[in-house]
Amino acid sequence: MRLNVPVLGVEEAAAVAEVLASGYLTQGPRTAEFERLVAAKAGVAYAFATSSATTGLHLALHALGVGPGDEVVIPDFSFPATANAVVETGATPVFVDIDLDTFNIDATLIEAAITPRTKAIMPVHAFGLCADMDAINAVAAAHGLPVLEDAACALAGSYRGRQAGSLGTAGVYSFHPRKVITTGEGGMITTSDPELADRLRVLRAHGAVRGELYMEFVDAGYNYRLSDVHAAIGVVQMSRLDGIVEQRRARARVLDGLLADVEGARVPVVPEGIEPTYQSYVVLLDQGIDRDEVIRSMARRDVETTLGTYGMHLQPYFRDRFGIGDALLPNSTRAHRQALTLPLYEQLDERDLELVRDALVASIAESRGR
Ligand SMILES: *Cc1c(COP(=O)(O)O)cnc(C)c1O
């Protein structure tokens, strides 16, 4: 049983064929349509498709004025693209510990991480469960800082009735095949700030502004565009989005029930007012259970699992460069070692989820005290 399988049909193939036949392959009408659909879903004024969430995060940070000498506050527990996007601007990521219930940045620790160099706060909606954005926005407002949501996993997730990606100054979604919907590779920046939108538009495409006959280059920009080939897939995927998320939530409820009294594994904690996407269904194993041994044991039972995500301060690049000890980030360290992602997607039925439960129970028994 695989960890994740995207929901794709013949409609995506037809949409790609149509783009190829049109001869217009780069950013064009399909991208504009994809952007309109995502902006409408998020409830924001602007959306800019990018070649990935990583390039989207880099572009958004750059457009927010983040550069060398600056600091950006981020959670330590995330896919390392979060921190890499900060490093790419020349700024320094400042790692903050997480809340072990939600795997999200602990908002009460942000204040202490802010210095005169802080230029932005970048929360991550871990596995598609929104961070505590009201608390984060309050700290940011008190310091006059923009908030960039790493909403890579959170398209269609909501917080107190508002969509992930509309909760800060700007947000970024990912369309990697492991995310809620996919275009193969791709990302999207959302914002309702017209001045930021102007900068994003220009910086995404070479720093160029189109004149009557040719372009004028007003900034040192990038080429972070998404192609219409990819966007055509995204347009079709948007029509599936609500159904995909509904199916994931239904399966998460089944797994919650099946795992409720499995000893040693805590099911995801969802605070009141938050509707997660369950991009990943992540359980936290008790200390004393060897998580890596559980992954191997599950694989022997033909169930693919993986870690939750990464304690970034533990990765060689960040460890060598910043040398942050585990004592400062105890919850992220624990989550890095004890979190486990289980298979969850539309193609799994109740019987499959029971097999996951049975394999987990057996694997935990095998992996205790090793
Ligand atoms: C997947 C992911 C990214 C990177 O997305 P890409 O589209 O693959 O660049 C960034 N941040 C988080 C939290 C992610 O899960």
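## A look at the overall build of the protein
Here is step 1: Across its full length, the protein holds 12 helices and 16 strands.
Here is step 2: Relative to the compact-globule value of 21 Å for 370 residues, the protein shows a C-alpha radius of gyration of 21 Å, a close match.
Here is step 3: Along the longest, intermediate and shortest principal axes, the C-alpha atoms of the protein span 70 × 55 × 35 Å.
Here is step 4: Partitioning the intrachain contacts of the protein with sequence separation of at least 6 by distance along the chain shows that 71% fall at a separation of at least 24.
Here is step 5: For the protein, the accessible area works out to roughly 15200 Å², and carbon and sulfur atoms hold 52% of it.
Here is step 6: For the protein, the separation between the mean place of its 33 positive charges and that of its 48 negative charges on side chains is 3 Å.

## Remarks on the pattern of salt bridges
Here is step 1: Under the counting rule described, the total for this entry stands at 19 salt bridges.
Here is step 2: For Arg-319, the salt bridge is made with Asp-320, and the minimal N-O distance between the two is 4.0 Å.
Here is step 3: Here the salt bridges do not stand alone but share partners, grouping Glu-11, Glu-12 and Arg-240 into one network.

## A look at the sheet that holds strand S6 (residues 158–159)
Here is step 1: Read from one edge to the other, the open sheet built from 3 strands follows the order S7-S6-S13, with strand pairing classed as antiparallel. Since the sheet does not close on itself, it has two edges, and those belong to strand S7 (162–163) and strand S13 (274–275), each with one partner.
Here is step 2: Sheet topology note: the S6/S7 ladder contains 2 bridges and is antiparallel. Paired with Ser-158 across the bridge in S7 is Gln-163.

## Here's the deal with the site of the ligand
Here is step 1: Taken together, 15 residues sit near the ligand, with Ala-53, Thr-54, Asp-150, Ser-174 and Lys-179 positioned nearest.
Here is step 2: Between the ligand and Ala-53 there is a distance of 2.9 Å, counted from an oxygen atom to a backbone nitrogen or oxygen.
Here is step 3: Here Thr-54 contributes a side-chain N or O atom positioned 2.5 Å from an oxygen atom of the ligand.
Here is step 4: Summarising the interface, the protein chains cover 90% of the accessible area of the ligand, which totals 380 Å² for the free molecule.
Here is step 5: Those elements giving two or more residues to the shell around the ligand turn out to be helix H3 (53–63) and helix H4 (81–88).
Here is step 6: For the shell around the ligand, the per-class residue count stands at 6 nonpolar, 7 polar and 2 charged.

## Describing the environment of Ala-85
Here is step 1: Looking at the secondary structure, you find Ala-85 in helix H4.
Here is step 2: Since its relative accessible area comes to 0%, Ala-85 is described here as buried.
Here is step 3: For the pair formed by Ala-85 and Ile-364, sequence separation is 279 residues and the distance between their alpha carbons is 36 Å.

## Details of the pairing of strand S1 (residues 46–50)
Here is step 1: Within S1, 4 of the 5 residues are buried, which leaves it mostly tucked inside the rest of the structure.
Here is step 2: Bridge analysis of S1 against strand S9 (residues 187–191) gives 5 bridges, and the strand direction is antiparallel. By the bridge assignment, Thr-50 is partnered in S9 with Gly-187.

## Things to note about the domain arrangement of the protein
Here is step 1: Here the protein is partitioned into domain 1 (10–235) and domain 2 (241–368).
Here is step 2: Across the contact, 39 residues belong to domain 1 and 40 residues belong to domain 2.
Here is step 3: Taking both partners together, domain 1 and domain 2 bury about 3300 Å²; carbon and sulfur atoms supply 65% of that area.
Here is step 4: Taken together, the links from domain 1 to domain 2 amount to 2 salt bridges.
Here is step 5: A salt bridge links Lys-41 to Asp-242; the nearest nitrogen and oxygen atoms lie 2.8 Å apart.
Here is step 6: Going through the elements one at a time, strand S2 (71–75), H4, strand S3 (92–96) and S6 are the ones with two or more residues in the side of domain 1 that touches domain 2.
Here is step 7: Along the lines of polarity and charge, the residues of the side of domain 1 that touches domain 2 split into 23 nonpolar, 9 polar and 7 charged.

## Some thoughts on the sheet that holds strand S5 (residues 148–150)
Here is step 1: What the 4 strands build is an open sheet, ordered S1-S9-S8-S5; its pairing is mixed. Here the strands that pair on one side only, and so sit at the sheet edges, are S1 and S5. Ignoring which end each strand starts from, the neighbouring axes of this sheet average 20° apart.
Here is step 2: Relative to strand S8 (residues 170–174), S5 is paired through 3 bridges, and the arrangement is parallel. Paired with Leu-148 across the two strands is Ala-170, which belongs to S8.
Here is step 3: Lying over the sheet, H3 contacts S1, S5, S8 and S9, oriented at roughly 165° with respect to S8.
Here is step 4: Lying on the sheet, helix H7 (residues 194–204) is in contact with S1, S8 and S9; it crosses S1 at an angle near 20°.

Definitions and limits used
Residues numbered from 1 in each chain as written. Predicted model: local features only at pLDDT ≥ 70, side-chain atom pairs only at ≥ 80, totals over all residues. Heavy atoms only, no water. Helix = DSSP H or I, 4+ residues; strand = E, 2+ residues; numbered from the N terminus. Rg over C-alpha atoms; globule rule 2.2 N^0.38 Å. Contact = heavy atoms within 4.5 Å. Areas by Shrake-Rupley, 256 points an atom, 1.4 Å probe, with all protein chains shown as cover. Lys, Arg positive; Asp, Glu negative; His and termini not counted. Charge placed at Lys NZ, Arg CZ, Asp CG, Glu CD. Salt bridge = Lys/Arg side-chain N within 4 Å of Asp/Glu carboxyl O. Pairing = 2+ DSSP bridges. Near = heavy atom within 4 Å. Polar contact = N/O pair within 3.5 Å; in protein donor to acceptor, adjacent residues only side chain to side chain. Nonpolar A, V, L, I, M, F, W, Y, C, P; charged D, E, K, R; others polar. Buried < 20%, exposed > 50% of the residue type's maximum accessible area, 1.4 Å probe, protein only. Domains from an automatic or database assignment. Buried area = accessible area lost by both parts, 1.4 Å probe. Axes fitted to C-alpha atoms, helices over the stretch in contact; angles between N-to-C directions.

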